[in-house]
Every structure is written in C-alpha cells, then in structure tokens.
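Chain residues, written in single-letter form:
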Amino acid sequence: MKIITHGRRSGKTTKAVIEAAKTGNYIVVANRYHRQGVLEIAEGLGLKVNVLTLQDIKNGEHYGLQLRTGKVIVDEAQVVLEQLLGMEVDMMILSEEEL
C-alpha cells in the first residue's frame, strides 16, 4: 500500500487521480461532494477515472463493476473512515510498506 501524506491543497488528490487513470483502480471517497471534486480534477487533467462513494458501496453499486485490479485508492482516508465509523478518529496507525 502506498501512503501519501502532505498538507491540505498540496496535490494529494491529483496524485490519486493520475494513479487511478494509469492503473484503472477506482477511487473511494466519503461522499458526493468529494466525488465531484475528484471528477473536476480529473477533467482538468484530461483524464477519466471511476469514483465510488461510501453510499455507493453501502447500496451495493460496486457489485458487477469491472474492478479489474482488485484494488482501490482511498482519497482522504481519515474522512472515509470517520464517515464509515460515524465518529471522529483521534489517532490512526498505519504500517508503512511503501511510500
């Protein structure tokens, strides 16, 4: 798993969009607002990416999709996890295998 950490508005999502366009991996985001932001970045770069929200996944909309790599890219992982858990994340521990 690759981990990208930088400050706000530093290009993290742009990197995710470029990686998704290259690999075909879907991008998972917390909500429709975040999906729209990702799609706008992709459009600005002239790239096509597929984006799923947590609600899409809860509704089963990912079933039958061509998730050909079996992997996803999670944009703003803390926000996604907080939405999934329904509570604020105070600390997150990650094993760093590859940056």
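First, a word on what this report is: a plain description of the structure on this page.

Rules behind the numbers
- Residues numbered from 1 in each chain as written.
- Predicted model: local features only at pLDDT ≥ 70, side-chain atom pairs only at ≥ 80, totals over all residues.
- Heavy atoms only, no water.
- Helix = DSSP H or I, 4+ residues; strand = E, 2+ residues; numbered from the N terminus.
- Buried < 20%, exposed > 50% of the residue type's maximum accessible area, 1.4 Å probe, protein only.
- Contact = heavy atoms within 4.5 Å.
- Areas by Shrake-Rupley, 256 points an atom, 1.4 Å probe, with all protein chains shown as cover.
- Patch = residues over 30% accessible without salt bridge, like charges linked within 9 Å, V, L, I, M, F, W, Y side chains within 5 Å.
- Salt bridge = Lys/Arg side-chain N within 4 Å of Asp/Glu carboxyl O.
- Pairing = 2+ DSSP bridges.
- Axes fitted to C-alpha atoms, helices over the stretch in contact; angles between N-to-C directions.
- Core = buried A, V, L, I, M, F, W, Y, C linked by side-chain atoms within 4.5 Å.

**Regarding the overall build of the protein**
Next, step 1: Along its length, the protein carries 4 helices and 3 strands.
Next, step 2: For the protein, the α and β elements follow one another from N to C terminus as α-β-α-β-α-β-α.
Next, step 3: Each of the 99 residues in the protein was classed as buried or not, and the buried ones make up 27%.
Next, step 4: Looking at the protein alone, contacts between residues at least 24 apart form 65% of all its contacts between residues at least 6 apart.
Next, step 5: When the accessible area of the protein is evaluated, it comes to approximately 7,300 Å², of which 51% is carbon and sulfur surface.

**Thoughts on a nonpolar patch on the surface**
Next, step 1: Together, Met1, Leu81, Leu84, Leu85, Met87, Met92 and Leu94 make up a nonpolar patch on the protein surface, roughly 680 Å² of accessible area in all.
Next, step 2: Tracing the sequence through the fold places leucine 84 in helix H4 (residues 77-85).

**Some words on the sheet that holds strand S3 (residues 72-74)**
Next, step 1: Read from one edge to the other, the open sheet built from 3 strands follows the order S2-S1-S3, with strand pairing classed as parallel. Pairing within the sheet leaves two strands with one partner each, and these edge strands are strand S2 (51-53) and S3. On average, each strand axis in the sheet is tilted by 30° relative to the strand beside it, whichever way the strands run.
Next, step 2: Against the sheet, helix H2 (residues 32-45) engages strand S1 (26-29) and S2, with an angle of about 170° to S2.

**Comments concerning the nonpolar core**
Next, step 1: Core analysis: the largest hydrophobic core is formed by 10 residues, namely Ala16, Val17, Ala20, Ile27, Val29, Val38, Ala42, Val49, Val51 and Ile73.
Next, step 2: Among the elements that line this core, the one with the most residues is helix H1 (residues 12-23), at 3 residues.
Next, step 3: Beyond its immediate sequence surroundings of up to four residues, valine 51 is in contact with Tyr26, Ile27, Val29, Arg35, Val38, Leu39 and Asp56.

**What to know about the pattern of salt bridges**
Next, step 1: Taken as a whole and assessed by the stated rule, the structure comprises 3 salt bridges.
Next, step 2: Residue glutamate 19 pairs with lysine 2 through a salt bridge whose shortest N-O separation is 3.1 Å. You can see glutamate 19 sitting in helix H1 and its partner lysine 2 sitting in the segment before H1, a full 17 residues away along the chain.
Next, step 3: The shortest N-O distance in the salt bridge between arginine 35 and aspartate 56 comes to 2.7 Å. Taken as a pair, arginine 35 in helix H2 and aspartate 56 in helix H3 (residues 54-58) lie far apart in primary sequence, 21 residues in all.
Next, step 4: We classify arginine 35 as partly exposed; its relative accessible area is 21%.
Next, step 5: The exposure class assigned to aspartate 56 is buried, which follows from its relative accessible area of 7%.

Bear in mind that shape data such as this cannot, by itself, settle questions of function.
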